Amino acid sequence: MPMQSWTVWPAREALSPVGVPPARRTISWAVRIVFACMFLWSLLHQGVFQGWGYGAFAAGVLLGVVAVWRYRLTTLGQRLWPSVGWLGVLFAVGVLAEAGGAHLAATGLWCLCGGIAIERLPLAYGFGAAAVVMGTYALVNTGSLAGTALTVGLVGLIGYTLRLDEEARGAGFRLLAQERAARSAEAESAALAERARIAREIHDVLAHSLSAQMVHLEAARLLIEGGGEREQILERVTAARRMARSGLAETRQALSALRGEIAQVEDFLREVAAAEGAVLEVTGEPRRVPAEAGLAVRRVAQEALTNVRKHAPGARVEMNFAYLEGEVELLVRDSGARQPVGGLAVSGAGYGLIGMRERAELLGGTLEAGPAGSDEEGFVVRLRVPA
């Protein structure tokens, strides 16, 4: 046993009744009351107390109850010397009882004093106090040496056993409190993660829809300022309107996904490929894709196609969605801009690419984005997520 444990108080949870089931608490108090009544009854029937002796008996009982009660309170507050003081009061009552000829009363009080000292004080002080009290008992006891030794040993054993039991209960209660705190923290973390997820979905929907609308509206503005034909302007405005309606539909899809209601990914990819004039190829054995992975595929496909419209208008787009073992892969490749309009920077230069990469990493996946290669034109986006 480490040396510092001899001067350390039992945990407050061990000294208090916190965490004790009501049934056990009731049984414990009932046993104490029964033993106390039996002890007092045996004292009264010894014939030691006569006349004014009953008054001394009542005063001793009252003082002993107060001392035990105050001792429990001071040990609960882990106040060493007040606790030792009240323990001394209980010991003194036993000394007075022994002086008055009530040997049984003195023995009972001293045994109680030694047991609760070991049970509730730091071990060094508890065993010290018990040694003083039980040493006094051994000195005044006229019985056999074996009986005296047995009584002293039982007092020490019972006190230490109660101490271990209470410390085990206190440790269990602390672990329960820690588990509850951990669950509360997990629930709070889950709530924050859910808020972040909702914010991310709303951002992705709005960013995709509004950026697409801005492209068409900006083109319409330039056509109007340059005196463009009415049909061309109307075409751009109609496209912006179509993007607005698509944004509303995507918002509804995002809300459905947040509720766990989401359609098959490949069905969505076919719709968006048809709307954007892209070529879609689906490989592998189709299966149900988890909602989070499905949303990642949707958002990456939308972002990639938006980037094609912004940076490579008119380019041919090929999409491949593959069901792999334990994951799914989306590949979006464009043929490059038909005229110089500036391209996406390599590997995550824009906020759209950063958002796509963060979404993939949150799911334990990867996202690669960059030029197709030295001998090819265009831009490639490749997403892999567990599914």
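Scroll up for the structure.
In this report, we go over the structure that sits alongside the text. (Residues numbered from 1 in each chain as written. Predicted model: local features only at pLDDT ≥ 70, side-chain atom pairs only at ≥ 80, totals over all residues. Heavy atoms only, no water.)

Below, the discussion takes up the overall build of the protein chain. Helix and strand content of the protein chain: 11 helices and five strands. Classification of the 387 residues of the protein chain by burial places 34% in the buried group. Element-wise, carbon and sulfur atoms account for 64% of the exposed surface of the protein chain, whose accessible area totals about 21900 Å². (Helix = DSSP H or I, 4+ residues; strand = E, 2+ residues; numbered from the N terminus. Buried < 20%, exposed > 50% of the residue type's maximum accessible area, 1.4 Å probe, protein only. Areas by Shrake-Rupley, 256 points an atom, 1.4 Å probe, with all protein chains shown as cover.)

Further remarks concern the pattern of salt bridges. Applying the stated criterion across every chain, the model contains 11 salt bridges. In this structure, the salt-bridge partner of E13 is R174, at a minimum N-O distance of 3.5 Å. Here E13 is found in helix α1 (residues 12-15), whereas its partner R174 is found in helix α7 (residues 145-225), with 161 residues between them in sequence. Residue R384 is joined to E327 by a salt bridge in which the shortest nitrogen-to-oxygen separation is 3.2 Å. Placement of R384 in strand β5 (residues 376-386) and of E327 in strand β3 (residues 327-334) is noted, with a sequence separation of 57 residues between them. (Salt bridge = Lys/Arg side-chain N within 4 Å of Asp/Glu carboxyl O.)

What follows deals with unusual backbone geometry. A positive phi is found at Q78, a non-glycine position, where the angle reads about 55°. One can find Q78 in the loop between α3 (53-76) and α4 (80-99). The class for Q78 is partly exposed, based on a relative accessible area of 26%.

Inspection of the secondary structure assignment puts E292 in helix α10 (residues 291-311). Note: C-alpha distance between E292 and V385 (93 residues apart in sequence) is 9.6 Å.

This brings us to the nonpolar core. Within the largest apolar cluster, 32 residues are counted, with the highest numbers of intra-cluster contacts made by L269, V297, M319, F321, L330, L367 and L383. Broken down by secondary-structure element, the contributors of at least two residues to this core are α9 (265-276), α10, β2 (317-324), β3, α11 (351-362), β4 (366-373) and β5. Of all the elements, α10 adds the most residues to this core, at seven residues. Beyond its immediate chain neighbours, meaning those up to four positions away, L383 contacts A296, V297, V300, V328, E329, L330, A360, T366 and L367. (Core = buried A, V, L, I, M, F, W, Y, C linked by side-chain atoms within 4.5 Å. Contact = heavy atoms within 4.5 Å.)

Turning our attention to the packing of α4 against helix α6 (residues 123-140). Following both chains from N to C, one finds α4 and α6 inclined at 5°, their axes separated by 12 Å at the closest point. Taken together, α4 and α6 sit at an angle that is classed as roughly parallel. Residues L80, W81, L87, F91 and E98 of α4 lie in contact with α6, whose contacting residues are Y125, A129, V133, T136 and V140. (Axes fitted to C-alpha atoms, helices over the stretch in contact; angles between N-to-C directions. Parallel < 35°, antiparallel > 145°, perpendicular 65-115°, else oblique.)

Take α3 next. In this model, α3 (24 residues) spans 34 Å end to end at C-alpha, consistent with the 34 Å of a helix rising 1.5 Å per residue. Burial in α3 covers these residues: G53, F57, G64, A67, Y71, T74 and T75. Buried residues along α3 sit against α1, α2 (22-44), α4 and α5 (103-120). (Expected span 1.5 Å × (residues − 1).)

Below, the discussion takes up the pairing of β3. Most of β3 sits inside the fold, with six of its eight residues counted as buried. With eight bridges joining them, β2 and β3 adopt antiparallel strand pairing. Residue pairing in the sheet places A322 in a bridge with E329 of β3. Where β2 hands over to β3, the hairpin turn is made up of two residues, of which G326 adopts a positive phi near 80°. Relative to β5, β3 is paired through seven bridges, and the arrangement is antiparallel. Bridged to L330 within β5 is L383. (Pairing = 2+ DSSP bridges.)

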